[in-house]
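So you can see what is in the structure, the chains are spelled out below.
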Amino acid sequence: MRTLQLLAGALLALPFACMAQACTSPGQRVDEQGFVRINGIEQWVTMQGDSCANPVILIAHGGPGNPQSLYANGPDAAWRKDFTVVHWDQRGAGMTYGRNKPGEDDKLTVEGLRDDGLAVARHVRERLGKRKLILMGGSWGSVLAVNMAKADPDQFCAYLGTAQFVGHHQNTDGHARLLELARAAGDTATVSTIEALGPPPWKNPRSFGIERRAMRKYEALRTEPMPKAWMAPGALYATPQALADYEGGEDYSFIQFVGMQDDGMASTIDLYKLGTDFKLPVYLVQGTEDLLTTQAVTQRYYDAIRAPVKKLVLVPRAGHDPNVRTAEAQQKLLREDIRPRCL
């Protein structure tokens, strides 16, 4: 794999505007990774695909501190025959966090990450010679992607969201559903723990993690598991330093997201305030057993959307975290609905 700007050298500080185009012929493979200077800092971008002629997918990862570039054989590995897949470690996450350790006064904002994402999209389009990209996002990444699509829709030919997060106050109904499941199971320990938290939003940042662990427990009882092979890190990411940077970025981004007093990025999220009119096709994939971003909240948001084309796919035996059923639903939409629009 060709590595761009990974080692110290003359190209390390060059902005993407100074880069040559990667694709010189339609049948050429795309296989590169490295740091790109985006909005004042070096951010990690990877691109892989079997042909420069294929449409390009830009994935906004979730977390916000959980880059998918870490995984050598994640759910998108099978898509590279028909698409070029681009991962980007967001500011404060993964390789980007390792290269740019934030100071005490550095804050993550939805708007700042949106602007980073739009700059990454411009870089990818120029680098690969594409007029528009397919934009994907899941969970937190779905918030970021919608903000990107609303701010600059001309860069994208379609948006595909999974486990769509809608808003800080909208995505709270899973709390009651979790209690319902725990009571039905006679799980007094979980009931006591979740009742003690009270309903969200919370002032204690630990509360989100406590409830999310309980949600995962009950989602696991009603869904098919994620394949273990998806979670194996690639060689560059398996070093002690890279893994430490991943964990450091995950911790930093989590606190930035929830805040110490419910005052982080999450408290500002309400996609309805952006408006529900889209200038590009919108496709949503929703696990029916998702307790964090529930089907009911996604359905209401989907019903409010006005777009040139829209489609909602419900996936049985799938929860918030991706599994094979989720990936198959995404791939079907990408191949049958989205690819023909984005060639």
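Residues numbered from 1 in each chain as written. Predicted model: local features only at pLDDT ≥ 70, side-chain atom pairs only at ≥ 80, totals over all residues. Heavy atoms only, no water.

A. View of the nonpolar core. Grouped together as the largest cluster of nonpolar side chains are 52 residues, with contacts concentrated most on L58, V124, L128, L135, W140, F156 and Y159. Considering every element that reaches this core, the biggest residue donor is helix α2 (residues 110-128), with 8 residues. Not counting residues within four places of it along the chain, the set of residues in contact with L58 comprises V86, G117, V120, A121, L133, I134, L135, M136 and M148. Among the nonpolar cores identified, the runner-up in size contains 19 residues, and I57, V85, I134 and A158 belong to it. (Core = buried A, V, L, I, M, F, W, Y, C linked by side-chain atoms within 4.5 Å. Buried < 20%, exposed > 50% of the residue type's maximum accessible area, 1.4 Å probe, protein only. Helix = DSSP H or I, 4+ residues; strand = E, 2+ residues; numbered from the N terminus. Contact = heavy atoms within 4.5 Å.)

B. Geometry of unusual backbone geometry. The linkage connecting G63 with the following residue, P64, adopts the cis geometry, with an omega of 20 degrees. Positionally, P64 belongs in the loop between β4 (56-60) and β5 (84-88). We note that N39 has phi near 50 degrees; this positive angle belongs to a residue other than glycine. Of note, N39 is situated in the loop between β2 (30-38) and β3 (41-49). Here N39 falls in the partly exposed class, since its relative accessible area comes to 43%. Positive phi outside glycine occurs at D262, with the angle close to 55 degrees. Tracing the backbone shows D262 in the loop between α7 (240-258) and β8 (282-287).

C. Spotlight on the packing of aromatic side chains. Taken as a whole and assessed by the stated rule, the structure comprises 6 aromatic pairs. The interplanar angle of 70 degrees and the centroid separation of 5.9 Å between the aromatic rings of W140 and F257 together place this pair among those described as edge-to-face. With W140 in helix α3 (residues 140-151) and F257 in helix α7, this residue pair connects regions lying 117 residues apart in the sequence. Ring centres of Y272 and Y301 lie 5.5 Å apart, and the angle between their planes is 90 degrees; on these two criteria the pair is classed as edge-to-face. Of this pair, Y272 sits in the loop between α7 and β8 while Y301 is found in helix α8 (residues 295-304), placing the two residues 29 residues apart along the sequence. Taken together through their ring pairs, the aromatic side chains of F35, W44 and Y237 make up a single cluster. Over the ring of F278 we find K150; its NZ or CZ atom is 4.9 Å from the centre of that ring. (Phe/Tyr/Trp six-rings, centres within 6.5 Å; stacked < 30°, edge-to-face > 60°. Lys NZ or Arg CZ within 6 Å of the ring centre and 35° of its normal.)

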